[in-house]
Protein chains: 2
Amino acid sequence: MILATKVFFTSFVFGFILFPYFIKLLKKISKDGQPIRSCGPESHLITKKNVPPMGGIIILTSSLLPILLWVQLTPEILLLILITLFFALLGFIDDYLKLKTNHYRGLSAKTKILIQFIVALVGVFILKLYSAECFTKTSLFKGVIIDFGYLYVPFAAFVIVGSSNAVNLTDGLDGLAATQVITSFAFLGLIAYITQADMNITLFCIAFIGAILSFLWFNTHPAKIFMGDVGSLSVGAALGLTSVLIKREMLFAVIGIIFVIETLSVIIQISYFKYTKFKYGEGKRVFLMAPMHHHFEKKGWSENVIVMKFWIISIICSVFTITFLL
Amino acid sequence: MILATKVFFTSFVFGFILFPYFIKLLKKISKDGQPIRSCGPESHLITKKNVPPMGGIIILTSSLLPILLWVQLTPEILLLILITLFFALLGFIDDYLKLKTNHYRGLSAKTKILIQFIVALVGVFILKLYSAECFTKTSLFKGVIIDFGYLYVPFAAFVIVGSSNAVNLTDGLDGLAATQVITSFAFLGLIAYITQADMNITLFCIAFIGAILSFLWFNTHPAKIFMGDVGSLSVGAALGLTSVLIKREMLFAVIGIIFVIETLSVIIQISYFKYTKFKYGEGKRVFLMAPMHHHFEKKGWSENVIVMKFWIISIICSVFTITFLL
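As the structure is a prediction and not an experimental result, all values here were calculated from the model.

Draft legend 1. Highlighting the overall build of chain A. On a plain count of helices and strands, chain A comes out with 13 helices and two strands. Relative to a compact globule of 326 residues, whose C-alpha radius of gyration would be 20 Å, chain A shows 19 Å and is just as compact. Judged by the C-alpha coordinates and their principal axes, chain A covers about 50 × 50 × 35 Å. Burial statistics for chain A: of 326 residues in total, 58% are counted as buried. Within chain A, contacts between residues at least 6 apart in sequence are counted, and of these 78% link residues at least 24 apart. Total accessible area computed for chain A in this model is approximately 14200 Å², and 70% of it derives from carbon and sulfur atoms. Each charge sign in chain A was given a centre, from 27 positive and 16 negative side chains, and these centres are 4 Å apart.

Draft legend 2. Molecular detail of the interface of chain B and chain A. Facing 28 residues of chain B, the contacting portion of chain A comprises 28 residues. For the pair chain B and chain A, the two sides together bury roughly 2800 Å², of which 85% comes from carbon and sulfur. For the pair chain B and chain A, the interface holds zero salt bridges. The tally of links from chain B across to chain A stands at four residue pairs in polar contact (both at pLDDT 80 or more). Breaking the side of chain B that touches chain A down by element, the ones donating at least two residues are α1 (2-29), α8 (199-219) and α13 (303-325) of chain B. Per element, the largest residue contribution to the side of chain B that touches chain A is 14 residues, and it comes from α13(B). Partitioning the side of chain B that touches chain A into residue classes produces 20 nonpolar, seven polar and one charged.

Draft legend 3. Just the nonpolar core, in detail. Counting 173 residues, the largest nonpolar core has F185(A) and F185(B) as its most contacted members. Beyond its immediate stretch of four places on either side in the chain, F185(A) contacts F204(A), C205(A), F208(A), I209(A), I212(A), V235(A), A238(A), L239(A) and T242(A).

Draft legend 4. A look at the packing of aromatic side chains. This model, assessed by the stated rule, comprises 37 aromatic pairs over all chains. When the ring of F296(B) is compared with that of F310(B), the centres are 5.9 Å apart and the planes differ by 85°; the resulting orientation is edge-to-face. Taken together, the positions of F296(B) in helix α12 (residues 292-298) and F310(B) in helix α13 put the pair 14 residues apart, joining distant regions of the chain. Of the two residues, F296(B) and F310(B), neither departs from the other in class, the shared state being buried. Connected via pairs of aromatic rings, a cluster forms that spans F12(A), F16(A), F19(A), F215(A), W217(A) and F218(A). Between the NZ or CZ atom of K284(A) and the centre of the ring of Y280(A), over which it lies, the distance is 5.4 Å.

Draft legend 5. Expanded view of unusual backbone geometry. Here the amide bond leading from H221(A) into P222(A) is cis, since omega sits at -5°, within 30 degrees of zero. With respect to the helices, strands and loops of the structure, P222(A) is situated in the loop between α8 (199-219) and α9 (228-245). For the bond from A290(B) to P291(B), the omega torsion is -5°, close enough to zero to count as cis. With respect to the helices and strands, the residue P291(B) is situated in the loop between α11 (257-280) and α12. Unlike most non-glycine residues, M54(A) shows phi in positive territory, near 65°. Here M54(A) shows up in the loop between α2 (42-47) and α3 (56-70).

Draft legend 6. Local environment of the relation of the copies chain B and chain A. Overlaying chain B with chain A gives an RMSD of 0.0 Å, the required rotation being 180° about an axis along which the chain moves by 0.0 Å. What we have between these two chains is a two-fold relation. Among all residues of chain B, the one whose C-alpha sits closest to the rotation axis is N304(B), at a distance of 3.7 Å. Of the residues that chain B buries at the interface, 100% are likewise interface residues in chain A, meaning the two copies contact each other through the same surface.

Draft legend 7. Summary view of the environment of K277(A). All names here are of chain A. Mapped onto the elements of the fold, K277 is located in helix α11 (residues 257-280). Residue K277 is classed as partly exposed on the basis of its relative accessible area of 48%. Apart from the residues lying within four places of it in its own chain, the contact partners of K277 are E282 and G283.

Draft legend 8. Examining a nonpolar patch on the surface more closely. On the surface, M1(A), I2(A), L190(B), Y193(B), I194(B), M199(B), F320(B) and F324(B) cluster together into a nonpolar patch covering about 750 Å² of accessible area. Residue assignment for the nonpolar patch shows that the elements contributing at least two residues are α7 (176-194) and α13 of chain B. In terms of residue count, α7(B) provides more of the nonpolar patch than any other element does, three residues in total. Looking at the element boundaries, I2(A) is found in helix α1 (residues 2-29).

Draft legend 9. Representation of the side chain of Q180(B) in the model. Residues and elements named next belong to chain B. Tracing the chain through its elements places Q180 in helix α7. In this structure Q180 comes out as buried when scored by relative accessible area, which is 1%. If we ignore the near neighbours within four places in the chain, the residues touching Q180 are T170, I258, F259, F310, W311 and S314.

Draft legend 10. Local environment of the packing of α8(A) against α9(A). All names here are of chain A. Axis separation between α8 and α9 bottoms out at 11 Å; the angle between their running directions is 155°. Taken together, the axes of α8 and α9 lie roughly antiparallel to each other. The chirality of how α8 crosses α9 is left-handed. Touching I201, F204, C205, F208 and I212 of α8 are V235, A238, T242 and L245, all from α9. Residue composition of the contact of α8 with α9, grouped by class: eight nonpolar, one polar and no charged.

Draft legend 11. The arrangement of helix α6 (residues 152-170) of chain A in detail. Spanning 19 residues, α6(A) covers 26 Å between terminal C-alpha atoms, matching the ideal 27 Å at 1.5 Å per step. Burial within α6(A) is extensive, with 15 of its 19 residues counted as buried.

Draft legend 12. Spatial organisation of the environment of L78(A). All names here are of chain A. With respect to the helices, strands and loops of the structure, L78 is situated in helix α4 (residues 75-101). What makes L78 partly exposed here is its relative accessible area of 40%. Note: C-alpha distance between L78 and L68 (ten residues apart in sequence) is 9.6 Å.

Draft legend 13. The environment of W311(A), seen in detail. With respect to the element layout, W311(A) can be found in helix α13 (residues 303-325). Among the residues examined, W311(A) registers a relative accessible area of 9% and is labelled buried. In sequence terms W311(A) and L233(A) are 78 residues apart; their C-alpha atoms lie 20 Å from each other. Not counting the four nearest positions on each side in its chain, W311(A) is found in contact with T179(A), Q180(A), T183(A), M308(B) and W311(B).

Rules behind the numbers
- Residues numbered from 1 in each chain as written.
- Chains lettered and ligands numbered in written order.
- Predicted model: local features only at pLDDT ≥ 70, side-chain atom pairs only at ≥ 80, totals over all residues.
- Heavy atoms only, no water.
- Helix = DSSP H or I, 4+ residues; strand = E, 2+ residues; numbered from the N terminus.
- Rg over C-alpha atoms; globule rule 2.2 N^0.38 Å.
- Buried < 20%, exposed > 50% of the residue type's maximum accessible area, 1.4 Å probe, protein only.
- Contact = heavy atoms within 4.5 Å.
- Areas by Shrake-Rupley, 256 points an atom, 1.4 Å probe, with all protein chains shown as cover.
- Lys, Arg positive; Asp, Glu negative; His and termini not counted.
- Charge placed at Lys NZ, Arg CZ, Asp CG, Glu CD.
- Buried area = accessible area lost by both parts, 1.4 Å probe.
- Salt bridge = Lys/Arg side-chain N within 4 Å of Asp/Glu carboxyl O.
- Polar contact = N/O pair within 3.5 Å; in protein donor to acceptor, adjacent residues only side chain to side chain.
- Nonpolar A, V, L, I, M, F, W, Y, C, P; charged D, E, K, R; others polar.
- Core = buried A, V, L, I, M, F, W, Y, C linked by side-chain atoms within 4.5 Å.
- Phe/Tyr/Trp six-rings, centres within 6.5 Å; stacked < 30°, edge-to-face > 60°.
- Lys NZ or Arg CZ within 6 Å of the ring centre and 35° of its normal.
- Least-squares fit on C-alpha atoms with pLDDT ≥ 70 in both.
- Patch = residues over 30% accessible without salt bridge, like charges linked within 9 Å, V, L, I, M, F, W, Y side chains within 5 Å.
- Axes fitted to C-alpha atoms, helices over the stretch in contact; angles between N-to-C directions.
- Parallel < 35°, antiparallel > 145°, perpendicular 65-115°, else oblique.
- Left-handed = near helix turned anticlockwise from the far one by under 90°.
- Expected span 1.5 Å × (residues − 1).

If you want it as structure tokens, here you go:
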């Protein structure tokens, strides 16, 4: 209990102290801030100019500090740290290129996902070598267990990469990704605690909650800083791998329902557009705009209404998950 | 665990279904909504017109339903229900008078507080008759216990009335009181659970969390409904009495730090104004405007930034409380 709080306060206070300096520093470096996706709502081009990105760097710094200090560095925790840092690096390169060249396009989407998938595969494979026979088994709902066999390693890699990119897609409104990620870490950490899977994983989650709570202080609409790809990709990968380590990948899909919906909305939008274009010669859309949060923005919901309602949805789904599905 | 979730979902779903109908109904009854305090920021006169008050009625309906269904009606729970309903009635009369006459002034502040104090006194006194000898003892921090003796009953009544009016003062921005009350109920309920004071009290808290979460859905800025005095006075009294029942009145002052700050800001503002007026012939102010949240509004913080930052503060203080002060 005391240890958990120590981890929580260290990451929170550390982040809280660092962010103001970091924001000043970034503003000095770049006068224009992160170029906004040209496919987002028009209003974002004005309101979200000059907001520095790369807040993820401080999120990671302030959450990894207490982890390195007080969490036992088991193979699982080491892998969590390494995977998180690798996805952060990939995001950083992307953020940096965007900032430097002032065009939105960083690496191509396919290249990025391919690299991510290979790294996740390698990571999970190494983990498999260290783990017991039952590693390929995972829990569905209510203790129903299935054995993925050889398919488990690619499945786990898919969860990590999927989660990473889902958080990245969700990170389109001030405070949206932060609030969602806090809920997910809180309930995954709680599951790790309840099932006594691994107390170190709970501490890992708590460290991130503290850091992201301090980030949220500055990221609430109107945001003073964004987490950037360096933040969303790494935090998303950490969440995905956490769900893999506690063998609750399916439950994570319910806890992180917003991530799933956001991702599906993009897939549906693009697929339907391509399909209708192929069939009728003219592309049609299902949503006013994808990802989902832009759809509601177009419908006239204000930014923080969407954030708050999505947060309530994720809390409700998470409570449902730990009571009825665990 | 299952019972707690049943209580939570019942109050949430019930509130979630009722609020839209209630909002429509209230809009029909009153075309103008709650008259806004003339002492608030000017912008509120425009933005907060036409928002119906009295959301507290649905908060109470949907939280009391699962309590009556599934919580054991011990003397403590009965008193909680009765005190909550009485403060709700007082708030309702106030809300109704305001709505009907379309002037802000309801009952005079002194009359209200006097009535509240007498009722709280009677309530706590009855509780004392039912309780063990140690009823007059209460925990300070870290298990340090002091015995208030004969002073305990008026002290407990003061906590209830103070809490009730503090929540009432805090209820000045969309979502502010709701988020604060959720945190307080969550951590008081958690303390009741950890100290094994009374599981029924934990369930009572959970019922309110569910109901207020559904209220928050509609109360997020821009609000579709306010809780009104019927909500803030009753919920505040419920919080105060809860802290009395689990004998953690002092810890509640830390968990509910925002309520304390809001109330102190009003007291300081008025006292200093009167003092300087008496001494120098001209009244001076400490804050740009009281309660505290209006001070920050005047400083240019947007409504939801204040709500989110106050929420983060209360979460941090609450985590601190249960780890280091309990």
